[in-house]
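Read off the chains here:
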Amino acid sequence: AVGVLPPALSAFLGSFLGFVVNSQEFHKWSHTTNDNNLPPVVRLLQSCGILVSRKEHGAHHKPPFEGHYCIVSGLMNAPLDGSGFFKKLETAIHERTGVKPRCWNEPDYTFLEEPHNQAWRIQ
């Protein structure tokens, strides 16, 4: 039949699109400050590293702000950071566009001291 995909391709595309559609929700959960506000299945998946946990993703929001860029699964941070993948990607983007990543310069941390920014701090 025309338009029918092989089962393996259908499974891959279904999973891929499901993760893409839900990736921002997974990322939001990594910023949830009270684990009791998360569904039990989410807490389980975060504790297994299948979904990125608050602690794992929090490293991305702390100096020196390099690495831990994965927002869906914490499983890929170590291999991607260890291989230098993101540093190579930053270099390639800089060479192509002339735009430097923010982590290449010492950031101005004074904004963290402003009271309205305290809620965004990840301990």
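Just above sits the structure.
Thresholds applied
Residues numbered from 1 in each chain as written. Predicted model: local features only at pLDDT ≥ 70, side-chain atom pairs only at ≥ 80, totals over all residues. Heavy atoms only, no water. Helix = DSSP H or I, 4+ residues; strand = E, 2+ residues; numbered from the N terminus. Buried < 20%, exposed > 50% of the residue type's maximum accessible area, 1.4 Å probe, protein only. Contact = heavy atoms within 4.5 Å. Areas by Shrake-Rupley, 256 points an atom, 1.4 Å probe, with all protein chains shown as cover. Core = buried A, V, L, I, M, F, W, Y, C linked by side-chain atoms within 4.5 Å. Expected span 1.5 Å × (residues − 1). Phe/Tyr/Trp six-rings, centres within 6.5 Å; stacked < 30°, edge-to-face > 60°.

J.: For the overall build of the chain, give the residues involved together with the corresponding values.
T.: Check the secondary structure of the chain and you find five helices and zero strands. Helices (α) and strands (β) of the chain occur, in sequence order from the N terminus, as α-α-α-α-α. Across the 123 residues in the chain, those meeting the buried criterion constitute 24%. For the chain, contacts bridging at least 24 residues in sequence account for 35% of all contacts bridging at least 6. By element, 64% of the accessible surface of the chain is carried by carbon and sulfur atoms, the whole surface being about 9000 Å².

J.: I'd love a proper account of the environment of Gly-82, names of residues and values included.
T.: Following the sequence through the fold, Gly-82 ends up in helix α4 (residues 77-83). For Gly-82, a relative accessible area of 66% puts it in the exposed group.

J.: Explain the nonpolar core to me, using residue names and the numbers behind them.
T.: Across soluble globular proteins, nonpolar side chains have a tendency to be buried as a group. In this structure, Phe-26, Trp-29, Leu-38, Val-42, Leu-51 and Val-72 together form the largest nonpolar core, which totals six residues. Leaving out residues up to four positions away in the same chain, Trp-29 has contacts with Leu-38, Val-42, Gln-46 and Leu-51.

J.: Mind laying out helix α5 (residues 85-97), listing which residues take part and the relevant values?
T.: Between its first and last C-alpha, α5 extends 18 Å over 13 residues, near the 18 Å set by a 1.5 Å rise per residue. Phi turns positive, to about 80°, at Gly-98, one or two residues after α5.

J.: An account of the packing of aromatic side chains is requested, with residue identities and associated values reported.
T.: Under the defined criterion, the tally for this structure stands at five aromatic pairs. Between the aromatic rings of Phe-85 and Phe-86, the centroid separation amounts to 5.1 Å while the plane-to-plane angle is 75°, which identifies the pairing as edge-to-face. Judged by its relative accessible area of 39%, Phe-85 is partly exposed. By the ring-pair criterion, three or more aromatic residues cluster together here, those being Phe-19, Phe-26 and Trp-29.

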